[in-house]
Amino acid sequence: MDKQNPILILGAGTFGLSTAYHLAKAGYTNITILEKSVTFPPELSAGNDLNKIIRAEYEDPFYAELALEAIAAWKSPLFAPYYNETGYLLCNSAAAPEKSKKSLQKALSSISQRPVFRNKIIPISSRNDIRKVAPAFTGPMQWKGYFNSFAGYAAAADSLMAVYSACIALGVTIHLNSAVEALTYSGDICTGAITTAGKHYSAPITVLALGASLGSVLPQIKSQVVAKASPLAHIQLTPEEAIQLRGIPVTYARDLGFFFEPDRRTNLLKICPAMAGYTNYNTPFGLSLPPDDNAFIPAVDEAMIRRLLRETLPELADRPLVGRRVCWCADTADSEYVIDLVPGKKGLVVVTGDSAHAFKMLPIIGKWVKEVVEKGRQDNARWQWKEGSDAAAADISWRIGQTTDFKEVKDIRRDPEIAQARL
Ligand SMILES: Cc1cc2nc3c(=O)[nH]c(=O)nc-3n(C[C@H](O)[C@H](O)[C@H](O)COP(=O)(O)OP(=O)(O)OC[C@H]3O[C@@H](n4cnc5c(N)ncnc54)[C@H](O)[C@@H]3O)c2cc1C
């Protein structure tokens, strides 16, 4: 493939940015990204967040292997400033359902026999065990699970910013405020894309990296991926409170939710409640897609956050929640990514199906997209286009609870600050 030929990437989120970075590093000189968001990191990107878990345990050993490769890359010069190896406390509360316990056991067995985890895993069966790895936690925590010291979190928005700067330095052109309206074709050849402002960008290769919004531009993806939202919120800590929690492990009670060390710049404590994800089928495409307004979480999730805090940090359990929002991913039926050519369309590559576990792959994921662009096919059956698969019907083994559509959610609690700003 001629490295001077234009390559168009749609979406500057986790997948799109990593793709541009790997292509540019390999010598491709004519890469353009179109991104709908007005600012960077993109407000619509699932990766634009304070922090994300970086861990190698997976129910599926294939992804455990890839995550180990990613962790090594998180320690390379570009990414190391954003990776914090605080460890990972993965447990179930006493009330956890069987599904949650099974998921934890599978995750543990994907790493426990690997030499790199020797002396890194400590079983947890009591509050005392938890206090040994997280002395700042004062709650009752009758949890069981383990602590893995070879894991941690990434400062997510900051690391996206670093890749963005690296892409610019390598000559990638990134157009913000450039929402793609449609793809353009000549017969069965994709010739590029047209934005909602009517500007046409032409390229012999177009890579679709639109995250949860993919279906609005590529409706033929149909039920192969389903856009699913997860809620999150934060507590604003004082500098003194944040220091008390400095160095705590990423803490995940599979059936309650997870939280991180407070952000070192803002002192915000980010918390995600456990739940199976929300859909939004109230769209013109008949597909679940993200709505425009995402600055809210349902009351049931707020209650779950407070329950998690009562178990761990009860002194924070009644504090106001700020920065409430729902964050959108693209689930597949088997939680496998899809990195392939779109069947019947020449020059059109799709990278999707992040299934809420792709941020950790930011340093390496673009390498796999580059291979597909260069070979013109996907050899790994796991990541091929799977016509007819139905992500909405699947019972995802690691998602605990029932997926709910937003039209069934009555008590939506909006972020008071954002609601005020809108008045
Ligand atoms: C609450 C939450 C917690 C998570 N925690 C973790 C974690 O701890 N660890 C982990 O590994 N992963 C985590 N993830 C998953 C991770 O964030 C995603 O897997 C990853 O960010 C998906 O990348 P993407 O490129 O597919 O989508 P995105 O990053 O969402 O990128 C899609 C981009 O396309 C743009 N776009 C959309 N429509 C258009 C259009 N029409 N024209 C142009 N641009 C458009 C969007 O603005 C966006 O920038 C989490 C996700 C959520 C929601």
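Just so it is clear, the structure is predicted and the values come from calculations on it, not from any experiment.

Looking now at unusual backbone geometry. Look at the link from Phe-40 to Pro-41: it is a cis peptide, with omega at -5°. Tracing the chain through its elements places Pro-41 in the loop between β2 (31–34) and β3 (51–54). Phi at Met-141 is positive, roughly 40°, even though this residue is not glycine. Within the secondary structure, Met-141 is located in the loop between α4 (127–133) and β7 (144–148). Positive phi values are uncommon outside glycine, yet Asn-267 reaches one of about 65°. Mapped onto the elements, Asn-267 comes out in the loop between β16 (257–259) and β17 (268–273).

With respect to spatial proximity, 32 residues lie near the ligand, and among them Thr-14, Glu-35, Ile-53, Cys-327 and Asp-354 are the closest. Between the ligand and the protein, one listed contact pairs an oxygen atom with a backbone N or O atom of Gly-47 at 3.3 Å. In the environment of the ligand, an oxygen atom lies 2.6 Å from a nitrogen or oxygen atom belonging to the side chain of Asp-354. Contact with the protein chains covers 96% of the free accessible surface of the ligand, which is 1000 Å². Listing elements by their share of the shell around the ligand, those giving two or more residues are α1 (14–25), β3, β14 (226–236) and β20 (322–331). In terms of residue class, the shell around the ligand is made up of 16 nonpolar, 11 polar and 5 charged.

Of all 5 residues making up β7, 4 are buried, and the element is well covered by its neighbours. Here strand β5 (residues 88–92) runs beside β7; their pairing, made up of 5 bridges, is antiparallel. Bridge assignment links Leu-89 to a residue of β7, and that residue is Phe-147. Strand direction decides the pairing type here: strand β6 (residues 121–124) and β7, joined by 4 bridges, are antiparallel. Within β7, the residue paired with Ile-124 across the bridge is Gly-145.

Quick look at the side chain of Ser-110 now. Within the secondary structure, Ser-110 sits in helix α3 (residues 98–112). Here Ser-110 is in contact with Ala-56, Glu-57, Tyr-58, Pro-61 and Ala-64, once residues within four sequence places are set aside.

When the sulfur atoms of two cysteines share a covalent bond, that bond is a disulfide. Inspection of the entire model under this criterion finds 0 disulfides. Cys-91 forms no disulfide, and the closest cysteine sulfur to it belongs to Cys-272, at a distance of 17 Å. Free of any disulfide, Cys-329 has its nearest neighbouring cysteine sulfur in Cys-327, separated by 5.1 Å. Given a relative accessible area of 9%, Cys-329 falls into the buried group.

What follows deals with the UniProt feature "domain: FAD dependent oxidoreductase" (unreviewed entry) in the protein. The sites that carry the UniProt feature "domain: FAD dependent oxidoreductase" (unreviewed entry) are, in the present numbering, residues 7–370. Secondary structure content for residues 7–370 is 25% helix and 29% strand, and the end C-alpha separation is 11 Å.

The α-helix winds at 3.6 residues per turn, so residues separated by three or four positions along the chain end up facing the same way. Here helix α5 (residues 156–169) contains 14 residues, and its C-alpha end-to-end distance of 20 Å stays within 8% of the 20 Å for a straight helix at 1.5 Å per residue. Buried within α5 are the following residues: Ala-156, Ala-157, Ser-159, Leu-160, Ala-162, Val-163, Tyr-164, Ala-166 and Cys-167. Packing partners of the buried residues in α5 comprise α1, β3, α2 (61–74), β8 (152–155) and β9 (173–175). Looking one or two residues beyond α5, the residue adopting positive phi is Gly-171, at roughly 95°.

The rules we used
Residues numbered from 1 in each chain as written. Predicted model: local features only at pLDDT ≥ 70, side-chain atom pairs only at ≥ 80, totals over all residues. Heavy atoms only, no water. Helix = DSSP H or I, 4+ residues; strand = E, 2+ residues; numbered from the N terminus. Near = heavy atom within 4 Å. Polar contact = N/O pair within 3.5 Å; in protein donor to acceptor, adjacent residues only side chain to side chain. Areas by Shrake-Rupley, 256 points an atom, 1.4 Å probe, with all protein chains shown as cover. Nonpolar A, V, L, I, M, F, W, Y, C, P; charged D, E, K, R; others polar. Buried < 20%, exposed > 50% of the residue type's maximum accessible area, 1.4 Å probe, protein only. Pairing = 2+ DSSP bridges. Contact = heavy atoms within 4.5 Å. Disulfide = S-S within 2.5 Å. UniProt positions renumbered as here; feature names shortened; annotations may be inferred. Expected span 1.5 Å × (residues − 1).

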